[in-house]
Amino acid sequence: MPDIIASPSGMPGGYGGSSPREVTVADDRWIIVGLGNPGPEYAGTRHNVGQMVLALLAERMGARFKANRTRNDIAEGRLAGQVVTLARPHSYMNLSGGPVSALLGFYKLSPERTVVLHDELDVPFGGVRVKLGGGDNGHNGLRSISASLGTRDYYRVRFGIGRPPGRMDAAAFVLRDFSAAERKDLPFYVDRAADATEALITKGLAVAQNAFHADPP
């Protein structure tokens, strides 16, 4: 995957060029983080699809976001019977780690109770992949989170956006809106990613992987 480096000031580009185990902890709250860039100019871009899935989860919970001192907007409640905090970092994508780390400190939770929703270039559009740990695959949002938490062992729900057409730079591709054809199917795939997230926190990693890893037609 090509390396797309954001500037030290925290610009929006969020892609850059172990065998974990599931860990059981006492606290039953889940932190679900939707990655993206702040501001209306980025709201509909491919890079913000994690926040689109997060918004649907909030709708399912009947919860509203409010600002939190951890530099996140959060929404709290129950999702599929589980105690959940949904989080939308205030930072640009490549600085996501600070707000996520602060949120885990606020709730005194370990990284293994965290699910990160994010875009993925190496998965076909609309495909979903669920995993625990692993590398960042060039994604600067994940890289920032892993560095801030000091571990890669947190869950990820990866929403496929596919590769850029032709010789288009990946940095430009992820910061563009979905195409008209993609927008027609996007609500269905966002709904599917939300279902995968619910399956992960209620039925576990293996069940979620078996149910959702087949690519859409």
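Reading the values: rules and limits
- Residues numbered from 1 in each chain as written.
- Predicted model: local features only at pLDDT ≥ 70, side-chain atom pairs only at ≥ 80, totals over all residues.
- Heavy atoms only, no water.
- Helix = DSSP H or I, 4+ residues; strand = E, 2+ residues; numbered from the N terminus.
- Buried < 20%, exposed > 50% of the residue type's maximum accessible area, 1.4 Å probe, protein only.
- Axes fitted to C-alpha atoms, helices over the stretch in contact; angles between N-to-C directions.
- Parallel < 35°, antiparallel > 145°, perpendicular 65-115°, else oblique.
- Left-handed = near helix turned anticlockwise from the far one by under 90°.
- Contact = heavy atoms within 4.5 Å.
- Pairing = 2+ DSSP bridges.

Looking now at the overall build of the protein chain. When helices and strands are tallied, the protein chain shows six helices and seven strands. When the helices and strands of the protein chain are listed from N to C terminus, the series reads β-α-β-β-β-α-β-β-α-β-α-α-α. When each of the 217 residues of the protein chain is scored for burial, the buried share is 56%.

Right, let's talk about unusual backbone geometry for a bit. In the Ramachandran plot, Arg-71 falls in the positive-phi region, its phi being about 70 degrees despite a non-glycine side chain. Here Arg-71 shows up in the loop between strand E2 (66–68) and strand E3 (72–79). With a phi close to 50 degrees, Ala-80 is a non-glycine residue in the positive phi region. Locating Ala-80 in the fold gives a position in the loop between E3 and strand E4 (82–89). Judged by its relative accessible area of 44%, Ala-80 falls in the partly exposed class.

Here we come to the packing of helix H2 (residues 97–107) against helix H3 (residues 140–149). At their nearest, the axes of H2 and H3 sit 8 Å apart, and the two run at 45 degrees to each other. The angle between H2 and H3 places the two elements in the oblique class. For the crossing formed where H2 meets H3, the hand is right-handed. In this structure, H2 uses Gly-97, Gly-98, Val-100, Ser-101 and Leu-104 to contact H3, whose residues at the interface are Ser-144, Ile-145, Ser-148 and Leu-149.

With respect to topology, seven strands assemble into an open sheet ordered E2-E3-E4-E1-E5-E7-E6, the strand pairing being mixed. Bordering the open sheet on either side are E2 and strand E6 (128–132), each of which pairs with just one other strand. Adjacent strand axes in the sheet meet at a mean angle of 30 degrees when their direction is disregarded. In this sheet, strand E7 (residues 155–160) lies alongside strand E5 (residues 114–120) in parallel orientation, the contact comprising six bridges. Residue Asp-119 lies in a different strand from E7, and its bridge partner there is Phe-159. Seen against the sheet, helix H5 (residues 180–203) touches strand E1 (30–34), E3, E4, E5, E6 and E7 and runs at an angle of roughly 165 degrees to E7. In the packing of helix H6 (residues 205–212) onto the sheet, contacts are made with E6 and E7, and the angle to E6 comes to roughly 160 degrees.

This part is about the pairing of E3. Here E2 runs beside E3; their pairing, made up of three bridges, is antiparallel. By the bridge assignment for E3, Lys-66 is matched with Ile-74. Between the antiparallel neighbours E2 and E3 lie three residues, among them Arg-71 with a positive phi of about 70 degrees. With eight bridges joining them, E3 and E4 adopt antiparallel strand pairing. Its bridge partner lying in E4, Gly-77 is registered against Val-84. Remark: two residues form the turn of the hairpin made by E3 and E4, two consecutive strands paired antiparallel; Ala-80 in that turn has positive phi of roughly 50 degrees.

Just geometry here; none of it tells us what the structure is for.
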